[in-house]
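Structural overview
Below, each chain spelled out in residue letters.
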Amino acid sequence: MMYGYAWDTTTPLTYAWSILPIILIGLTVTLKAAAAGFAIALGLGLVFAMLRRSRFRSVSWTTACIVEFLRDTPLLVQLFFLYYVLPEYGVTLPAFLTGALALGLQYSAYTSEVYRGGIEAVPRGQWEAATALNMTRMQTYRDIIVPQIVPRILPAMGNYMVAMIKETPVLSVITVLDMMALANMIGERTFEYLVPLTMVGLIFLILTLICSAGLHRLQKVLPKAGIPLR
């Protein structure tokens, strides 16, 4: 029994039905972690992309080093660093927040490259027009550059969102009770792993298919930027 639910292992179907409420509890944690991590990745990735285009080489070089470090080191190492090392220096974060932050930091390195590619694809004339209109750099990004690159970077961002959803099971190593963690706990107590792990795998499959279909639909309805890339 877990969370007040009793498990019936008489048949695979009754077993699956009895553990479904617990798996759904883990699903909400998975979705929240993925959503929080992706929001961090989107915001921080854009900041990294802008800083890498800074006029000051010290800023752009430092940002490039940070991005490479985040991209080239395993998520598990970053997760353990945030959860076990930071408390030694007086910074203690809840497990869920640590997991979402680790996901966001890792994927911000990837999204920053997507942003940078989209920004560099904007014709130089757009930047020159903004300068002629005496627009600040922030106004240029907000009103001219970002609206143009969104339709172009959407497919790549969607791929990273799907990848992040599939990465959430790693958060179980720091006691975040997502779907995988709960499925493992159920298996340990019933000595039957096939049904809970199969259910988790199917739910992840459904989630990724829904996300892919939603992104495909969004690409069709999202207005295309009127400025050609050439």
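Reading guide: rules and limits
- Residues numbered from 1 in each chain as written.
- Predicted model: local features only at pLDDT ≥ 70, side-chain atom pairs only at ≥ 80, totals over all residues.
- Heavy atoms only, no water.
- Axes fitted to C-alpha atoms, helices over the stretch in contact; angles between N-to-C directions.
- Helix = DSSP H or I, 4+ residues; strand = E, 2+ residues; numbered from the N terminus.
- Parallel < 35°, antiparallel > 145°, perpendicular 65-115°, else oblique.
- Left-handed = near helix turned anticlockwise from the far one by under 90°.
- Contact = heavy atoms within 4.5 Å.
- Nonpolar A, V, L, I, M, F, W, Y, C, P; charged D, E, K, R; others polar.
- pLDDT = per-residue confidence, 0-100.
- Salt bridge = Lys/Arg side-chain N within 4 Å of Asp/Glu carboxyl O.
- Buried < 20%, exposed > 50% of the residue type's maximum accessible area, 1.4 Å probe, protein only.

Thoughts on the packing of helix α1 (residues 12–52) against helix α6 (residues 137–167)
Where α1 contacts α6, the axes come no closer than 11 Å and their chain directions differ by 135°. Relative to α6, α1 is oriented oblique. In the packing of α1 onto α6, the handedness of the crossing is right-handed. Along the contact surface, α1 presents Ala34, Gly37, Phe38, Ala41, Leu42 and Met50, while α6 presents Met138, Tyr141, Met157, Tyr160, Met161, Met164 and Ile165. Each residue belonging to the contact of α1 with α6 can be placed in one class, and the counts come to 12 nonpolar, 1 polar and no charged.

So, the confidence of the model for the chain
Mean pLDDT over the chain stands at 88; residues scoring 70 or higher make up 93%. Averaged over each element, pLDDT in the chain is lowest for helix α5 (residues 124–132) (82) and highest for helix α3 (residues 75–85) (95). Contacts for the low-pLDDT stretch residues 225–230, under 50 throughout, to residues beyond four places or in other chains number 13 contacts.

Description of the pattern of salt bridges
Per the counting criterion, the structure on display carries 6 salt bridges. A salt bridge links Arg71 to Glu68; its shortest N-O distance comes to 2.2 Å. Separated by 3 residues within a single helix, Arg71 and Glu68 lie in helix α2 (residues 57–72), roughly one turn from each other. The exposure class assigned to Arg71 is partly exposed, which follows from its relative accessible area of 25%.

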